[in-house]
Amino acid sequence: MSDLVVVRKEGLYCAAGDFYIDPWRPVARAVLTHAHADHARPGHGRYLAARAGATLVRTRLGDVSLDTLEYGERVTHHGVTLSLHPAGHVLGSSQVRLEHRGEVWVVSGDYKLAPDASCAPFEPLRCDTFVTESTFGLPICRWDPPEQVFAGIERWWRDNAAAGHASVLYCYALGKAQRVLLGVDASIGPIVCHGAVQTLNEAYRAAGVALPPTITVDQIGDPADLRRALVLAPPSAAGSPWLKRFGDYRDAFASGWMRLRGTRRRRGVDRGFVLSDHADWPALLEAIGATGAGRVVVTHGETGPLIRWLCEQGLDAAAFQTEYGDEDETAAPAPPPEEAGSA
């Protein structure tokens, strides 16, 4: 029996159903796991995504030809039965379950098992072959409980506000920022969002996610409010003229990469908070084990250590060469001008 999903130059291809999953080059039919730019690209003929993420897909891609499914709803195309199931990564993120001639594959996209009030939780799915990410597929990558991380962000924010400093937190605009908004105590002070974050906040609100109030810097009435604000900005905003509005601010970066001490130094920020929207090492193993799959295909990230571990456990494990992973989760804020070009 031939594989239900293979890699072509355009992306992951289901030949029996004649469609692609998160393709990176233009195709006629694309099934999207979520709206991050490395998985949801422009130029495809028709798109299929989870209904929960439709607003985000349109915000990112514009007025594309988009069909949607509720989680768990099934559709059969050319004999392949397809359904979408929560991945717990960001709003609308999905695992793609494919069934054909008695064989079941699950393509997970990006996922996490940790709780997140901004999206539906990860749903374990039984299958014969599981296609998994491995962004943080290293044994050293182990996340603290989210509530502990949010408490740390709150303490940092309160201390900065008491000293008269704005608290600038760099975080990915889609998913991470909204998770932070729902995780911290919004009564500490005003929450100011970069335009890129605010646009996606509105998409979340339009999808029914009750985020706390946020404003843009132009909506600040009293300049003193800036000195006690939490400011959410994408990493690309670091070092930009936009930040001058906040005076003598303090900054931090929220990412799974903050687990690595060298990465914290390279970011050039005051603080690092370990908060990822991807599974850590124990969660990867837990998710894979829950599938009962005898075969595991790893798509991107730290593929080597995970494949070796799985093979040692007697599983059939290998990698697909893909173009995923280019998102701000792995992008550092730009260094200050005096550090630009340094090693």
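Because the structure is a prediction, the values reported are computed rather than measured.

Peer 1: Before we move on, could you go through the pattern of salt bridges and cite the residues and values that matter?
Peer 2: Considering all chains together, one arrives at 19 salt bridges under this definition. Residue Asp144 is joined to Arg259 by a salt bridge in which the shortest nitrogen-to-oxygen separation is 3.5 Å. With Asp144 in the loop between β11 (129-134) and α2 (146-162) and Arg259 in the loop between β15 (250-254) and α5 (261-267), this pair connects stretches of sequence that are 115 residues apart. Residues participating in the shared-partner salt-bridge network are Lys112, Asp116, Arg179 and Asp277.

Peer 1: Describe the packing of α2 against helix α3 (residues 176-183), naming the residues involved and giving the relevant values.
Peer 2: Packing of α2 against α3 brings their axes to within 10 Å, and their N-to-C directions diverge by 80°. What the angle tells us is that α2 and α3 run roughly perpendicular. Between α2, through Pro146, Phe150 and Glu154, and α3, the contact on the second element is made entirely by Arg179, Val180 and Gly183. Along the lines of polarity and charge, the residues of the contact of α2 with α3 split into 3 nonpolar, 1 polar and 2 charged.

Peer 1: Residue-level account of the confidence of the model for the protein chain, with values.
Peer 2: Taken residue by residue, the protein chain gives an average pLDDT of 93. The fraction at 70 or more is 93%. This model gives residues 328-343 a pLDDT under 50, and the stretch forms 31 contacts once residues within four places in sequence are excluded.

Peer 1: So, the sheet that holds strand β13 (residues 191-193): which residues are in play, and what are the values?
Peer 2: Two orientations exist for strands paired in a sheet by backbone hydrogen bonds: parallel and antiparallel. Spatial ordering of the open sheet is given by β13-β14-β12-β15-β16, a layout of 5 strands whose pairing is parallel. The two strands at the open ends of the sheet, each matched to only one other strand, are β13 and β16 (271-273). Ignoring strand direction, the axes of neighbouring strands in this sheet form an average angle of 25°. Inspection of the sheet shows strand β12 (residues 167-170) paired to strand β14 (residues 230-233) by 4 bridges, in the parallel sense. Paired with Tyr170 across the bridge in β14 is Ala233. Helix-sheet contacts for α2 involve β12, β13, β14, β15 and β16, and the interaxial angle to β12 is about 145°. Along the sheet, α3 makes contact with β12, β13, β14 and β15, crossing β14 at roughly 160°.

Criteria and cut-off values
Residues numbered from 1 in each chain as written. Predicted model: local features only at pLDDT ≥ 70, side-chain atom pairs only at ≥ 80, totals over all residues. Heavy atoms only, no water. Salt bridge = Lys/Arg side-chain N within 4 Å of Asp/Glu carboxyl O. Helix = DSSP H or I, 4+ residues; strand = E, 2+ residues; numbered from the N terminus. Axes fitted to C-alpha atoms, helices over the stretch in contact; angles between N-to-C directions. Parallel < 35°, antiparallel > 145°, perpendicular 65-115°, else oblique. Contact = heavy atoms within 4.5 Å. Nonpolar A, V, L, I, M, F, W, Y, C, P; charged D, E, K, R; others polar. pLDDT = per-residue confidence, 0-100. Pairing = 2+ DSSP bridges.

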